[in-house]
Amino acid sequence: MLRKLTDILLHLFCTLLIFIVANAYLLTAYCPLPTSLTVLFFLAANALPLISFRHYPNFKFRVCNHGLACLKIFLLSTAGTVALQLYALFSSLYANWAKAIFGILLCILVEALVFWNGIICVYLTSVQLGIKLRILGAVFGMIPPVNLYFLGKIICTVSSEITCETALHERNLSRRDEQVCRTKYPLLLVHGVFFRDSVNFNYWGRIPKELLSNGATVFYGNHQSAASIADSAEELAERIRQIVAETGCEKVNIIAHSKGGLDCRYAIKHCGIADRVASLTTINTPHRGCQFADYLLEKVPTAAKERVALTYNKVLHKIGDPNPDFMAAVSDLTSERVCALNDSLPVPEGIYCQSVGSKLNRATGGKFPLNFSYPLVKYFDGANDGLVGEDSFRFGEHYTFLTTTGKRGISHGDVIDLNRENIRGFDVREWYIKLVQELKEKGL
């Protein structure tokens, strides 16, 4: 609280400095101020917001907070400057119109420099602004008073982001010695269909970093992006044997998303790795298939399906998949195929199994393409996460259903932090920390 108050006082001081500099031409007529001191005031006001007494995850967020402070200083100082300049014009404080114009131009220049200092910093460092708000802010930036609306949106978004990241960072610092995610067996994160594990763009977003910072040991499935359940299961089984052999960990705790949950169930039952799995947590897995997948496979012309499959397989083969099979992956997600498969995949004995599901509250709550698929899935499967119906999630001895109040909800991609978006009412990174912490408490 004291650190926050200190920051506020520092920003108010900077606001006063900018106000003095912006109105220096008018103010020096009544209270002489050396030019060198004015320049010093301006430089100090643009640099001091970089100083903060709060803890930040890294320097990037310190710069982001600096930009946010500059934008707030710009708004406050501009309001005061406009009020003073209007009073000066109507009270004839300027000797003539030439001096009035010069004084106003100086105000515009000083405030503009503060604004660009702030907006460049937040545009370069903020994650939560997203592409859409950045573009809208740039397009409407010169149209008053619409620009004030978007500036307010930018300030609120960045402020919320910094508050969230700072709180998470401080929580991690406070529990660093506890290593709350240091489970007995390492974690194996298994991706869903049409994605690959990637160093440059992690399928699991910011989640692995937070798990690692709290003591977890994390591995990835490294299997192909698209293949039949049986083929993916074989790949995952081999990956688990490799991890156990190289680390001597004996078993792994699997956290699998979407089709990955079905792949792992098959691997445990039919690929001989049941004794190497301590737990299986499925995240938004279609354990009863997707009826809309049945519909698409039935209605889309065969020629069109073959073109899409051929294109996908060629592209994914070039970026690393040895033998991608688009149609096999899609076909194995139909409700008919999965329901038939379920008969041969009972909940395995001796392995702790749990499942998680979520739902979008409306189509616009999801990012592309889930905002388009949501109505179609809703027609066939009811309430859903943009791809999988709510009735399809449940599996194992414990089931968790995630949702939020309001209009947004939690999509198929949100549960793995695919878009790196902070969602009001659902802290995805902290949720995974609690999930893994519970595995640790179970001795897994």
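In case you missed it, the structure is sitting above this.
Below or above, wherever it landed, is the structure these notes cover.

How each quantity is defined
- Residues numbered from 1 in each chain as written.
- Predicted model: local features only at pLDDT ≥ 70, side-chain atom pairs only at ≥ 80, totals over all residues.
- Heavy atoms only, no water.
- Helix = DSSP H or I, 4+ residues; strand = E, 2+ residues; numbered from the N terminus.
- Rg over C-alpha atoms; globule rule 2.2 N^0.38 Å.
- Buried < 20%, exposed > 50% of the residue type's maximum accessible area, 1.4 Å probe, protein only.
- Contact = heavy atoms within 4.5 Å.
- Areas by Shrake-Rupley, 256 points an atom, 1.4 Å probe, with all protein chains shown as cover.
- Lys, Arg positive; Asp, Glu negative; His and termini not counted.
- Charge placed at Lys NZ, Arg CZ, Asp CG, Glu CD.
- Salt bridge = Lys/Arg side-chain N within 4 Å of Asp/Glu carboxyl O.

1. Concerning the overall build of the protein
So, step 1. When helices and strands are tallied, the protein shows 16 helices and 6 strands.
So, step 2. Relative to the 2.2 N^0.38 estimate, which gives 22 Å for 444 residues, the radius of gyration of the protein is 28 Å and therefore markedly larger than a compact globule would have.
So, step 3. Viewed in the frame of its principal axes, the protein has a C-alpha envelope of about 90 × 55 × 40 Å.
So, step 4. The buried share among the 444 residues of the protein stands at 50%.
So, step 5. In the protein, the proportion of contacts linking residues at least 24 apart, taken out of those at least 6 apart, comes to 78%.
So, step 6. Carbon and sulfur atoms make up 63% of the accessible area of the protein, which totals about 21,900 Å².
So, step 7. Once the 45 positive and 38 negative side-chain charges of the protein are each reduced to a mean point, those two points are 8 Å apart.

2. Comments concerning the pattern of salt bridges
So, step 1. Per the stated rule, a full pass over the model turns up 15 salt bridges.
So, step 2. Taking the shortest distance from any N to any O, the salt bridge between Asp263 and Lys259 comes out at 2.9 Å. Of this pair, Asp263 and Lys259 are both found in helix α10 (residues 259-270), 4 residues apart, which corresponds to roughly one turn of the helix. In this pair, the class of Asp263 matches that of Lys259, namely buried.
So, step 3. Note that Lys434 is salt-bridged to Glu430, the shortest N-O span being 3.9 Å. Of this pair, Lys434 and Glu430 both sit in helix α16 (residues 428-441), separated by 4 residues, roughly a single helical turn.
So, step 4. What makes Lys434 partly exposed here is its relative accessible area of 40%.
So, step 5. A residue is classified by how much of its surface remains accessible, and Glu430, at 12% relative accessible area, is buried.

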